[in-house]
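Chains, contacts and geometry: an overview
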Amino acid sequence: MSVIFYARVSTADQNLDHQIAQAQAAGFVIDEVIADHGVSGVSTSLSERPQGRRLFDKLRAGDTLVVRWVDRLGRNYRDVTDAIRHFIRQGVIIRTVINGMTFDGATSDPMQQAVRDSLISFMAAMAQAQAEVTKEAQKAGIAAAKSDSHKYPGKKPSYTRHDFEAVQAMLVAGSGASFIARETGLSRQTILRIKTDPVAAEAALTRWRL
């Protein structure tokens, strides 16, 4: 039985080593890493990605698939639910680094299955919501940055775009600022600034071309 860590690294500043280190710090012992680089989770389903396709061929019953969060499997509600349910039917265990979620087919009790399926749907809906929130913040932030392009860009952000997206994901998932600060290594004040004004946070990244 293998533990496979899957990562989707969609932007230049999303460091694969950092994601692996986070998983290891959370207690995961990883046998193999499979990663897609430069692939959008919004427009490309897991089965359409070069390395994502390998998961469907490689994972076997009893294996564990570890992802940072369910948004690595897709940012579309249907893609996420289809992928998770497919792997569960194959006997694969899916675990997330963020919030320590576990999805598997261990239970045969109809009520517990219903609760599990409802949670999968909820998490998938949050992944899509987070993608939409981030997209809108990016659009507004780019517009704000362009309007201020003649001004001094201000203080360089203490967070990367990867950090920004991770914070957004955890905020949508309902995590508190203190928990997110521990998970990301950012200050609680930075988390609260991103939460309070994601457009300004995105604009700062754009002005600094981060």
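So, a few notes on the structure that sits alongside this text. Everything numeric here is computed off the predicted structure, so don't read it as measured data.

Structural notes on the environment of Ile 94
Position of Ile 94 relative to the elements: it lies in strand E4 (residues 93-96). Considered as a pair, Ile 94 and Ile 4 are 90 residues apart in the sequence and their alpha carbons are 9.8 Å apart.

Focus on helix H3 (residues 77-89)
For H3, with 13 residues, the first-to-last C-alpha span of 18 Å sits near the 18 Å given by 1.5 Å per residue. Gly 91 lies just past H3 and shows a positive phi near 85°.

Comments concerning the environment of Val 3
Relative to the helices and strands, Val 3 resides in strand E1 (residues 3-9). Residue classification places Val 3 among the buried residues on the basis of a relative accessible area of 18%. Along the sequence, Val 3 and Leu 59 sit 56 residues apart, while their C-alpha atoms lie 9.3 Å from each other. Leaving out residues up to four positions away in the same chain, Val 3 has contacts with Val 29, Ile 30, Asp 31, Glu 32, Thr 64 and Val 66.

Here we look at the pattern of salt bridges
Within this structure, the stated rule accounts for 2 salt bridges. Salt-bridge contacts for Arg 54 lead to Glu 32; the nearest nitrogen and oxygen are separated by 3.1 Å. Separated by 22 residues along the polypeptide, Arg 54 in helix H2 (residues 52-58) and Glu 32 in strand E2 (residues 32-37) bring together distant segments of the chain. In this structure Arg 54 comes out as partly exposed when scored by relative accessible area, which is 33%. Beyond isolated ion pairs, a larger network of salt bridges with shared partners links Glu 32, Arg 54 and Lys 58.

Re the packing of helix H5 (residues 161-172) against helix H7 (residues 188-196)
Interaxial distance between H5 and H7 falls to 10 Å at its minimum, and their mutual angle equals 75°. When the axis of H5 is compared with that of H7, the two are roughly perpendicular. In this structure, H5 contributes Phe 164, Val 167, Gln 168 and Leu 171 to the contact, and H7 contributes Ile 191, Ile 194 and Lys 195. The class makeup of the residues in the contact of H5 with H7 is 5 nonpolar, 1 polar and 1 charged.

Rules and cut-offs
- Residues numbered from 1 in each chain as written.
- Predicted model: local features only at pLDDT ≥ 70, side-chain atom pairs only at ≥ 80, totals over all residues.
- Heavy atoms only, no water.
- Helix = DSSP H or I, 4+ residues; strand = E, 2+ residues; numbered from the N terminus.
- Expected span 1.5 Å × (residues − 1).
- Buried < 20%, exposed > 50% of the residue type's maximum accessible area, 1.4 Å probe, protein only.
- Contact = heavy atoms within 4.5 Å.
- Salt bridge = Lys/Arg side-chain N within 4 Å of Asp/Glu carboxyl O.
- Axes fitted to C-alpha atoms, helices over the stretch in contact; angles between N-to-C directions.
- Parallel < 35°, antiparallel > 145°, perpendicular 65-115°, else oblique.
- Nonpolar A, V, L, I, M, F, W, Y, C, P; charged D, E, K, R; others polar.

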